[in-house]
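If you want the building blocks of each chain, they are given just below.
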Amino acid sequence: MFSRKIATAASVCRHKDLLWVSVWLTILSLGFGYLIVYSQTAAADSTRLSTAAAAKCYGGGDAPATWALVVAINPKCPCTAATVTMLERICAQTKGALHCQVLAYCPEGGDESWTSTRTLRRLGLIPRVAITTDYGGVLARELGLTTSGETILLDREHVIRFHGGITPARGHEGDNLGATTVRELVEEDPTSVTTYPIYGCPLSAP
Amino acid sequence: MQSLSQQQSALEQELFAKELGGLRRLTDRIFLFLLLGQWLFAVICAVFITPRTWQGAELSPHIHLLAALGLGGILVSLPCALIVTRPGAMLTRFVVAASQLLFSVLLTHLTGGRIETHFHIFVSLAILAFYHDIWVYVPAVAVSLLDHIVRGLFWPESIFGTVTPSVFRAFEHIGWIAFATFFLVWGVRRKLTNVRKMAQFQASLSIERDNLERRVSERTQLLGEARDYFVNVLDSLDDHIAILDSEGVIKSVNKAWRMFGEANDARTELCGPGANYLDVCRRAGESALAITSAMERILAGEAGQFTTEYSCNSRTEERWFQLRVLPFVGTSGTGLVVAHANISERVAAREAFMDKARTATSLAEIIRDAPNEFFLCRQSDLQIVMVNYGLRDSLGYSEDELCAMTALDLLPQAERCKPNIYTDKFGGKYAHQKIHQLNHQRSSGEVYPVQLSVCSGVYEGEPIFAVFATDVSTLQKLQGQLAQALKLESLAHLAAGIAHEINTPMQSVASNVEFLQSCLDRVFRVLGAFQSSLQMLDEQWKAQRESLMQLTQEAKLEHILLEAPRAVTEAAEACKRVIEIVRAMKCMSHPGGKDKIKIDLNEIIRNATTISRNHWKHSATLHLHLDEDLPEVDGHIAELSQVILNLIVNAADAVAEKHGSQCMLGQIDVRTSATADFVRVEVEDNGCGMSPEVFEKAFDPFFTTKPVGKGTGQGLAITHNAIVNMHGGTIDILSTPGAGTTFMFCLPRADYLHLETQQALAFDPVEAL
């Protein structure tokens, strides 16, 4: 049966057909490769993280009672949806042990379209998630966050325990080491990971 | 020719391929819309989910939108083109399968790796099962595997979420695909099996349907042929035939019926299909009362059939018809078959036959009452089957006695065993002669000659001989008298010559006797002188002596002594010659007896040459070349003498006709010889010969080339009758005009006939038949 089918296929697939199929597959391979490369291209790692700035996010030096996750997002960027999804999972998995502060970028003079996006509405539904409109990306810059979806995890002592992204790729949700590390740290599980690549758009134009 | 199983197998393969091809082409069409729909869906997803990308407040088209438009378009281009151009082809399926799985990759990407979008892979694998081709999972699974392998190697976190994925995760992903594929393949194979079974079932049904249709077609054709056959048969008949239903309505008619109706200007409503023929007959009243009644009785089952003849004359001719009414049992009930047959010729023939029968009866009565003898006998055993009064009265037997006899029983006892007209010579075959002379024997034992005329015929279906027998006893007597008269006439013609032949020796005798008489006188005178001298004395003797010597000299005694014996001898020879002629005359003029006697043909030939000598000696020399050991023949001496005399006289006439004017003598040769069976006689002359016309008629009675008064034309006719009919011999002629003629006849040897008779006694002619 197999040999007969192969023989039939061989007779059907003429050289011209194979050429077209090859060209087609090649183009597709390049396209999909580019997509993967695009989604897997991480943002440049921030080196100027500021713990003080992070604390500022909680109302001027009041120590948070729980672990805090600060996430800078661009509410209009479609890639943020994946970060929101991952946040939903992390918050659900940490069972209230984690507070999340979202810094929603809004350009100076930004209208309501920046502050009432679908992403923000989704974020508003997640328990223990606070949204702060970050006009002009000032807060993010103070924290040293430059990429939408970039997060920092602060423990109870306001020590940054994790910095990076919580999505496996740009705009892609799913299990990834960043999200897992955040969950493990909050749950006090020992881990040596402190950072994870950030897959997202820049919060400000170059 | 393929067997049924081979036909079913081929049809099954064809149906299976057709069904499968149909399913695959349908699936191709489904995928055509599915792929285009997915492309549209991908674009919509990109538009709604990731239309733009932001860098701060600056936006730009998201790469997902470009990918949905461009990559999605490329993704559907080739499969859609193949679906349109090569629906059902394996390459199309493979490309579609690869494209569908790549769409899973694209949609997963466009939806941000949503776990729900991964279901698209399994849905795609399930939809690929519509193809009913397990091999489409090869490119599908290959795409999935390749995606995992490439991304696992180069971008592991994009698929496993970690840069150091465990092998278990890889196998977990692959395992689920394999799990789904396994059951899908199993399901496809089951489906293929079902499709094949359906194809088998359809093939079986199709073959059965074809067989049924073929049988129906054949049966329909046969029925059509049968209908055409019967229609043609009915149309080919001269009878005018109509089929009536139980009400007497004409259902169908044949061509002869229609043509008769058209020829006689009959109205269709009266005699065409649809007309009520029974009503027509009823309305005809008294003239068709019998027919109407018969048709009603047959329809009621009270009568089987009805036949009648009636005359129906046209303006120009007298016509007779026969009407036959028969029951017609059809599927719709009992009807009638009405057939009118034109029997005018038959009636005329019957009348003619009756006339001939009456004539034949009259002839038979005439033959029966005729005084001439007539009878019929079977060819197989010569058993007499019919005789007339003439035969009965002539033979003195009753009809019953004669009908218990055979034809051979009518012959004398001695002749029954001999070959005759009924049998070939010892061969048992029928003789070819039509006329033959035999003897019949009356019940009183009297034997009388009859001439039989026999012809073959058929009597009551059996080959027979029709024998006409004529009593020729009176005729034979007259013929004998005529032959004798003719013979005497021939002798009369030769009488002058014979007289001359006798006269010549008689003159010799007379002169010699006269000479001897004078000699005797002289001798007596000398003897008287010598007697008287015996009484003289011696003295006187001397003188007497001289006187005696003188007397002797005067009497020329020496001359007498010399010539007298010669004269006596000559006279004796002359007398002998006369005696010979007289004896020949006596023999030739003998009327002969009724029975055959043993005859020496050489003697007859010598006698004939003797008495005809004066006829031929002036024109020819006759040489006899006779076989001195010639055996005798059984025959009638008078007739055979007549035959040979005729032949010699004819030869002499022929020679004289040719050589007479030239004062030259011709030549006649008469030869006799013998063979084992026959004695052969030839009379050859070198005379004038016969012309072909004369040759043809030589043996005809009353045919002659001689002047009136010299020939009767009966000579050769009698010769032929004597040789052939009376002696069972043969006669033949060899003649060359101007060169001569040879007559040859053969007669059976007497000793051969004796042997033949002995053989005949041991021969049973009936058995030989």
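Details of the structure are given in the entry above.
All values reported here derive from a predicted model rather than from experimental measurement.

Peer 1: Pulling in residues and values, what's your account of the sheet that holds strand β17 (residues 678-685) of chain B?
Peer 2: All names here are of chain B. The strand order β14-β16-β17-β19-β18 describes an open sheet built from five strands, whose pairing is mixed. Every other strand in the sheet has two partners, leaving β14 (620-625) and β18 (730-736) as the edge strands with one partner each. Taking each pair of neighbouring strands and ignoring which way they run, the sheet shows an average axis angle of 10°. The pairing of β14 with strand β16 (residues 666-674) spans six bridges and is parallel.

Peer 1: Any details on unusual backbone geometry? Residues and values, ideally.
Peer 2: Here H158 of chain A, not a glycine, exhibits a phi torsion of approximately 60°, which is positive. Looking at the secondary structure, you find H158 of chain A in the loop between β4 (150-154) and β5 (160-165). Taking the number of C-beta atoms within 10 Å as the measure of exposure, H158 of chain A has 15 and is therefore partly exposed. Non-glycine residue L382 of chain B carries a positive phi angle of around 60°. Mapped onto the secondary structure, L382 of chain B falls in the loop between β8 (373-378) and β9 (384-387).

Peer 1: Outline the sheet that holds strand β3 (residues 240-244) of chain B, listing residues and values.
Peer 2: Residue and element names in this part refer to chain B. Overall, antiparallel pairing links the five strands, which are arranged β4-β3-β7-β6-β5 in an open sheet. Of all the strands in the sheet, just β4 (250-253) and β5 (306-311) have a single pairing partner and so form its edges. Ignoring strand direction, the axes of neighbouring strands in this sheet form an average angle of 20°. For strand β6 (residues 320-330) and strand β7 (residues 333-342), the ladder comprises 10 bridges, and the chain directions are antiparallel. Counted as the bridge partner of V329 is T334 from β7. Of the strands in this sheet, β3 and β4 touch helix α8 (residues 255-263), which is tilted by about 110° from β3.

Peer 1: Tell me what's going on with the nonpolar core, and back it up with residues and numbers.
Peer 2: All names here are of chain B. Grouped together as the largest cluster of nonpolar side chains are 48 residues, with contacts concentrated most on L102, L106 and A140. Here the element with the most residues in this core is helix α3 (residues 90-110); it accounts for 13 residues. Not counting chain neighbours up to four residues away, the residues in contact with A140 comprise A97, A98, Q100, L101, L125 and L128. Residues M588, L601, V643 and V655 belong to the second largest nonpolar core, which totals 44 residues.

Cut-offs and rules
- Residues numbered from 1 in each chain as written.
- Chains lettered and ligands numbered in written order.
- Predicted model: local features only at pLDDT ≥ 70, side-chain atom pairs only at ≥ 80, totals over all residues.
- Pairing = 2+ DSSP bridges.
- Helix = DSSP H or I, 4+ residues; strand = E, 2+ residues; numbered from the N terminus.
- Axes fitted to C-alpha atoms, helices over the stretch in contact; angles between N-to-C directions.
- Buried ≥ 20, exposed ≤ 12 C-beta atoms within 10 Å, placed from the backbone.
- Contact = placed C-beta atoms within 7 Å.
- Core = buried A, V, L, I, M, F, W, Y, C linked by C-beta atoms within 7 Å.

Without other data, these values stay purely geometric and don't point to any function.
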